[in-house]
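Summary of structural features
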Amino acid sequence: MALRPGPVRIGIDVGGTFTDAVAVDARSFELLGKVKVPTSHDHEDGVVHGILEALEKLRADVGIGARDVSFLAHGTTQATNALLEGDVATVGIAGVGTGFDAFATRRLSAFAKMELAPGHRLPVRFAAVPDLAAAGAAVEALAALGAEVVVAVEPFSVDDPDGELAVVTAARQRGVLATATHEITGLYGLTKRARTAVLNAGIMPRMVSTADLVETGVERAGITAPLMVVRGDGGVMSLPEMRRRPLLTALSGPAAGVAGALMSERLSEGVFLETGGTSTDISVVRRGRVQVRHARLGGYETYLPALDVRTVGVGGGSLVRFSGHAVTGVGPRSAHIAGLRYACFEPASALAGAKLVVVSPRPGDSPDYVALEVAGGRRYALTLTCAANALGVVPAGAYAHADAESSRLAMQPLAAALGTSVEKAARMVLRQAVKPIRAVVDDLVRAYRLDRPTLVGGGGGAASVTPFLGGDSEYEWRIAAHAEVISPLGAALALVRESVERIVPNPSNVDILAVRAEAESAVVAQGADPAGVEVDVTVDPLRNLVRAVATGATELRTKDRSSTVDDDGVLTAVARSIGVAPEEVRERAATAQHRVFGARAPRSGVFGRFTRPVEHVRVVDGEGVIRFHSAGAVVETTDAGSAQARLATLVERHTRYGDGGSRAPAVWLLVGPRIVDLSGVLDRDQLVALAGAELKSRADDEPVVVLLEDRR
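The structure reproduced in this document is the subject of the present report. The shown structure was predicted, so the numbers you read here are calculated from the model rather than taken from an experiment. (Residues numbered from 1 in each chain as written. Predicted model: local features only at pLDDT ≥ 70, side-chain atom pairs only at ≥ 80, totals over all residues. Heavy atoms only, no water.)

**Focus on the overall build of the protein chain**
- Secondary structure assignment for the protein chain yields 19 helices and 38 strands.
- Against the 2.2 N^0.38 benchmark of 27 Å for 712 residues, the protein chain shows a C-alpha radius of gyration of 27 Å, consistent with a compact globule.
- Considered along the principal axes of its C-alpha atoms, the protein chain spans approximately 80 × 70 × 60 Å.
- Classification of the 712 residues of the protein chain by burial places 57% in the buried group.
- Just so you have it, the protein chain exposes about 28,400 Å², and 50% of that area is on carbon and sulfur atoms. (Helix = DSSP H or I, 4+ residues; strand = E, 2+ residues; numbered from the N terminus. Rg over C-alpha atoms; globule rule 2.2 N^0.38 Å. Buried < 20%, exposed > 50% of the residue type's maximum accessible area, 1.4 Å probe, protein only. Areas by Shrake-Rupley, 256 points an atom, 1.4 Å probe, with all protein chains shown as cover.)

**Let's talk about the pattern of salt bridges**
- The full count for this structure, using the stated rule, is 52 salt bridges.
- E56 serves as the salt-bridge partner of R59, at 3.4 Å between the closest nitrogen and oxygen. Within this pair, R59 and its partner E56 are both found in helix α1 (residues 47–62), separated by three residues, close to a single helical turn.
- Linking E615 and R586 is a salt bridge whose minimum nitrogen-to-oxygen distance equals 3.9 Å. Within this pair, whereas E615 is found in strand β31 (residues 613–621), its partner R586 is found in strand β29 (residues 586–590), the two being separated by 29 residues in sequence. (Salt bridge = Lys/Arg side-chain N within 4 Å of Asp/Glu carboxyl O.)

**Section: the nonpolar core**
- Membership of the largest hydrophobic core comes to 66 residues, with the highest contact counts inside it found for V24, V236, V537, V667, L669 and L678.
- Residue contributions to this core peak at seven residues, all from helix α9 (residues 253–263).
- Each residue touching L669, except ones within four places of it in the same chain, is listed here: R674, I675, V676, L678, A691, V705 and V706. (Core = buried A, V, L, I, M, F, W, Y, C linked by side-chain atoms within 4.5 Å. Contact = heavy atoms within 4.5 Å.)

**A short note on the state of the cysteines**
- Taken as a whole, this structure holds zero disulfides when the rule is applied.
- Of all cysteine sulfurs, the one in C344 lies closest to C386, which takes part in no disulfide; the gap is 3.1 Å. (Disulfide = S-S within 2.5 Å.)

**Quick notes on empty space enclosed by the protein**
- Throughout the structure, instances matching the rule amount to two cavities of 30 Å³ or more.
- By volume, the largest cavity amounts to about 50 Å³.
- Elements represented by at least two residues in the lining of the largest cavity include exactly α7 (190–220) and β17 (300–307).
- The element contributing the most residues to the lining of the largest cavity is β17, with three residues.
- Of the residues that constitute the lining of the largest cavity, the class distribution is six nonpolar, two polar and one charged.
- The space that makes up the second largest cavity amounts to roughly 30 Å³.
- Secondary-structure elements contributing two or more residues to the lining of the second largest cavity are α1, β4 (69–76) and α7.
- Class assignment of the residues belonging to the lining of the second largest cavity gives a composition of seven nonpolar, one polar and no charged. (1 Å grid on protein atoms, 1.4 Å probe; cavity = no way out; pocket = protein on both sides within 12 Å on 5 of 7 lines; lining within 4 Å. Points joined across faces, edges and corners; volume = space filled by probe spheres on them. Nonpolar A, V, L, I, M, F, W, Y, C, P; charged D, E, K, R; others polar.)

**Description of the pairing of strand β28 (residues 545–552)**
- Counting buried residues in β28 gives seven out of eight residues, a clear majority hidden from the surface.
- One ladder, built from eight bridges, connects strand β26 (residues 496–503) with β28; its direction is antiparallel. Among the inter-strand pairings, S499 is bridged to a residue of β28, identified as V549.
- The pairing of strand β27 (residues 534–540) with β28 spans seven bridges and is antiparallel. (Pairing = 2+ DSSP bridges.)

**Topic: the packing of helix α13 (residues 422–447) against helix α14 (residues 462–471)**
- Close contact between α13 and α14 brings their axes to 9 Å; oriented N to C, the two are set at 80°. By the criterion of interaxial angle, the relationship of α13 to α14 is roughly perpendicular. Residues R427, L430, R431, V434, I437, R438 and V441 of α13 touch α14, and the partners they reach there are S464, V465, F468 and L469. (Axes fitted to C-alpha atoms, helices over the stretch in contact; angles between N-to-C directions. Parallel < 35°, antiparallel > 145°, perpendicular 65-115°, else oblique.)

**Section: the packing of α1 against α7**
- Where α1 contacts α7, the two axes come as close as 10 Å, and the packing angle between them is 25°. As the angle between them shows, α1 and α7 are arranged roughly parallel. The way α1 lies across α7 gives a crossing that is right-handed. Between α1 and α7, the contacting residues are V48, I51, L52 and L55 on the first element and T210, L213, V214, G217 and V218 on the second. (Left-handed = near helix turned anticlockwise from the far one by under 90°.)

**Describing the pairing of strand β24 (residues 454–458)**
- Summarising burial for β24: five of the five residues are buried, a large majority.
- Neither face of β24 is exposed, since T454, V456 and G458 on one face and L455 and G457 on the opposite face are all buried.
- Examined bridge by bridge, β24 and strand β25 (residues 476–479) share four bridges and lie parallel to one another. Looking at the pairing, G457 lines up with I479 of β25.
- Taking the sense of rotation as the criterion, the β-α-β connection linking β24, α14 and β25 turns out right-handed. (Right-handed = clockwise from strand over helix to strand, strands pointing away.)

**Observations regarding the packing of aromatic side chains**
- For the coordinates displayed, the defined rule picks out four aromatic pairs.
- For the ring pair F100 and F103, a centre distance of 6.1 Å and an interplane angle of 45° mean the geometry is tilted. Of this pair, F100 and F103 both sit in helix α3 (residues 100–106), three residues apart, which is roughly one turn of that helix. Neither residue differs from the other here; F100 and F103 are each classed as exposed.
- Note on F156 and Y188: the rings are 6.3 Å apart at their centroids and 70° apart in plane angle, and the pair reads as edge-to-face. Of the two residues, F156 sits in the loop between β9 (149–153) and α5 (162–173) while Y188 sits in the loop between α6 (181–184) and α7, which places them 32 residues apart along the sequence.
- Geometry around F71 places R9 over its ring, the cationic atom sitting 3.9 Å from the centre. (Phe/Tyr/Trp six-rings, centres within 6.5 Å; stacked < 30°, edge-to-face > 60°. Lys NZ or Arg CZ within 6 Å of the ring centre and 35° of its normal.)

**Concerning the side chain of Q526**
- Tracing the chain through its elements places Q526 in the loop between α16 (509–525) and β27.
- Among all residues touching Q526, those that are not within four sequence positions of it are M228, M237, S238, E241, V496, R497 and E498.

**Looking at the sheet that holds β29**
- Sheet architecture is open: four strands sit in the order β29-β30-β31-β32, paired in antiparallel fashion. Each edge of the open sheet carries a strand with a single partner, namely β29 and β32 (626–631). Averaged over all pairs of adjacent strands, the angle between strand axes in this sheet comes to 25°, irrespective of strand direction.
- Relative to β32, β31 runs antiparallel, the two sharing five bridges. Paired with V619 across the strands is F628, a residue of β32.

**Describing helix α19 (residues 684–695)**
- With 12 residues, α19 extends 16 Å from end C-alpha to end C-alpha; this agrees with the ideal 16 Å at 1.5 Å per step.
- Of all 12 residues making up α19, 10 are buried, and the element is well covered by its neighbours.
- Considered for burial, the residues of α19 that qualify are Q686, L687, V688, A689, L690, A691, G692, A693, E694 and L695.
- Considering only its buried residues, α19 is in contact with α16, β27, α18 (643–654), β36 (666–671), β37 (674–677) and β38 (703–709). (Expected span 1.5 Å × (residues − 1).)

From the geometry alone we can't say anything about function, so treat these as descriptive.
In structure tokens, the structure reads:
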């Protein structure tokens, strides 16, 4: 095959059974090709062999030269699996300090009681480091006790890391892997910070080995593009950074799919449902941002930033449960667990004379799961996918689409047992299946106050869940393009991401700008183009917390625009997202890259509408995609030269005062190609200072739009 001219972005996702890889045109985002190979758990190089095999197969199939690859990222569940299975390295804790500090760090040896998996406790050793001169001896003592990696711990290292740095330096001089708690987070809380660092250390040897093998294989292929790894918060990080903080890749399984919904599907306000064969992962995109929180691992709190993902044990392969007179549930056991093939994917002739039988997928399971048995004793799984196809809700061309006749034949024995039609039986199954999913979706919509959200389905089982859920609710819905490879697509299109958190009592403008600059520098150091970096800052005065999250692409995105945006189509899309007629929508403001539309309508919510109409605002980018939703925002126009002074006046005007103090409005700025999110800042002076940092490189006469929303 002739080589295809670049640039090409490649994403690879390592799953439990298969490793998927995709190639995407870096200019148009067009999917150029996809491949699937078995995940190589049992190979001497582990999953790396499958990653490199998928890469070479993809390049050969699509015709990609080594120099055409402009970006390469892979996601893996290796870190998550190691923690879930308790397959971690022996960790040596080097407790720095004397007196109370020594007492506090010695107590951390109790981490040895942490049970990561049944029968698998965290292997921990401890050595004291009373002064910096003792660092080397402590490392040697820990190595003699079997420690494969050392964690330096000191109570207030986030303020003064010298003690931890001495231990890390001593370890690396002796060829021992090492990490320190201040490298993991800048937050106080010794136990939580140390626990996070110890878990990071436990997977470090395996992850460093994996990184080395992947890097060597990619270099051998002649690829010089940035090599990235998917993080658990939906971004990617460089390979050197992964070697230092491999724990950030934990829980990254759902993260790549959400990145795909955000970047490929351009989801700005909605819920993403990634449905596999056994479960559905549910997450939120609000105002163009993924929602992140500190994760729990093994039941313990950590400082690991990860997506807020809720998992429901219902997937496309989930088995139907039957009491003898009613459908009582769907899942959590699946066809894969039962070792049965989906009945609906079999030829209709194979299902002739099928009868309903009850099974226990695993020893000890309740015998209320149903399957089909045909002549000769062969059995097939009666799954959620079978019901969805029998009801006709799976779109043609979807990955989960099955033959209509086979699907109806598969459902016929259950319908007969229920004394009803195939359609009604299928609907009963689907309603039982989506009930727990709907409950989670409604809870997320309410918790994050989503404004007329859209449901986007991804994963191979997307069409078995999302269409019926959308049709049975008030939510708009769609299936993602190439839903079955949404995770590798997300890896290919994901942005470099870094989160910096600091505890700063009564932070000054200088403090806040310093944290912002640190996050920005971190993503640039990992390969992000400085011209495209966006930084969201949150200041929590109750916790004295300053958080800056920076994201950026390794190459500025100049997606081709093959045709002019259809203004009528934009108005129709905006009107639909607000719930009004197109003629009620009017353009409120514009910059070179964005247009702002508004219309009055009641607020919407899970439990119906409020009666008072408010101004709903939508920001649309140059490609006609809605990028921002707001109910009740005020729209003001200015220019870069006047924006800081104008913003100070506007914030003062919209600040609310009460017994608990003052609360500035939530603020966003449309500046060049960016939608600058300042909604995490409550203080007027801090808002103005951050706005100045965003505006300093813009021409004075450049249009700027200010969006302000009173906090509810």
